[in-house]
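Reading the structure
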Amino acid sequence: MRVYGVIGWKNSGKTSLMERLVAEITGRGFSVSTVKHVHHDVDLDQPGKDTFRHRAAGAREVVLASADRFALMVEHRGPEPGLPAVLARLAPVDLVLVEGYKRDAHPKVEVWREETGHPLIQPGDPLVRAVATDAALALPVPVLDLNNTAVVADFILREVGLV
């Protein structure tokens, strides 16, 4: 499975770029799945609902299924699973875009905006293959226009061998 990351500091524009990339790349006929890493506890379920009750009773996995979609909730009740374990759960697609997991060993594009006040990640991570930004930077990797989604998509698709 082809995997490409979008990383950056909080409020740099990662999610907005991810959303635009998914639309751009699927619009070109490729299938795309996404993985979003968060650093806080998250629960998509609601107390009192049947699936919540199943999990509270001890179910390791609960599937909520409807005519339009299904959601698989996994209670790992231990250490956080690594990206490879998460990726292994996905159905095959042309490309998996990963938001976050900035320290993991997959190729990435860094989203960087000066106004966030954070330093670039790229100088310390050889797997950051490009920086998408709205600033003028001189770097040893390609600097891509953050506001030109087609250019960022072209770069990623070339990197993973889809074009």
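Structure's up top.
Residues numbered from 1 in each chain as written. Predicted model: local features only at pLDDT ≥ 70, side-chain atom pairs only at ≥ 80, totals over all residues. Heavy atoms only, no water.

Regarding the overall build of the chain
A tally of helices and strands in the chain yields 4 helices and 8 strands. Along its sequence from the N terminus, the chain presents helices and strands in the succession β-α-β-α-β-β-α-β-β-β-β-α. Looking at the 163 residues of the chain, the share that counts as buried comes to 36%. In the chain, once contacts between residues fewer than 6 apart in sequence are set aside, the share between residues at least 24 apart is 52%. Accessible area for the chain stands at about 9,600 Å²; split by element, carbon and sulfur atoms hold 53% of it. (Helix = DSSP H or I, 4+ residues; strand = E, 2+ residues; numbered from the N terminus. Buried < 20%, exposed > 50% of the residue type's maximum accessible area, 1.4 Å probe, protein only. Contact = heavy atoms within 4.5 Å. Areas by Shrake-Rupley, 256 points an atom, 1.4 Å probe, with all protein chains shown as cover.)

Focus on the nonpolar core
Core analysis: the biggest nonpolar cluster contains 23 residues, and L21, I25, L95, L97 and I156 have the highest contact counts within it. Broken down by secondary-structure element, the contributors of at least two residues to this core are β1 (3–7), α1 (14–27), β5 (95–99), β6 (108–112), β7 (128–133) and α4 (149–160). The leading source of residues in this core is α4, at 6 residues. Setting aside residues up to four positions removed in sequence, I156 forms contacts with Y4, L21, L95, L97 and V109. Counting 8 residues, the second-largest nonpolar core is a separate cluster that includes V3, L87, V96 and Y101. (Core = buried A, V, L, I, M, F, W, Y, C linked by side-chain atoms within 4.5 Å.)

Some remarks on the pairing of β7
In terms of residue burial, β7 counts as a mostly covered element, since 5 of its 6 residues are buried. Alignment of β6 against β7, held across 5 bridges, turns out to be parallel. For V109, the partnering residue across the bridge sits in β7 and is A130. Pairing analysis gives 3 bridges linking β7 to strand β8 (residues 143–145), with the strands arranged parallel. For T133, the partnering residue across the bridge sits in β8 and is D145. (Pairing = 2+ DSSP bridges.)

A look at the side chain of K14
Residue placement: K14 occurs in helix α1. E99 provides the closest opposite charge to the buried, unpaired K14, separated from it by 4.7 Å. Here the side chain of K14 touches G8 through a polar contact of 3.4 Å, landing on its backbone oxygen. Non-local contacts of K14, meaning those with residues more than four positions away in its chain, are made with V6, I7, G8, W9, E99 and V111. (Lys, Arg positive; Asp, Glu negative; His and termini not counted. Salt bridge = Lys/Arg side-chain N within 4 Å of Asp/Glu carboxyl O. Polar contact = N/O pair within 3.5 Å; in protein donor to acceptor, adjacent residues only side chain to side chain.)

So yeah, pure geometry; function would need other evidence.
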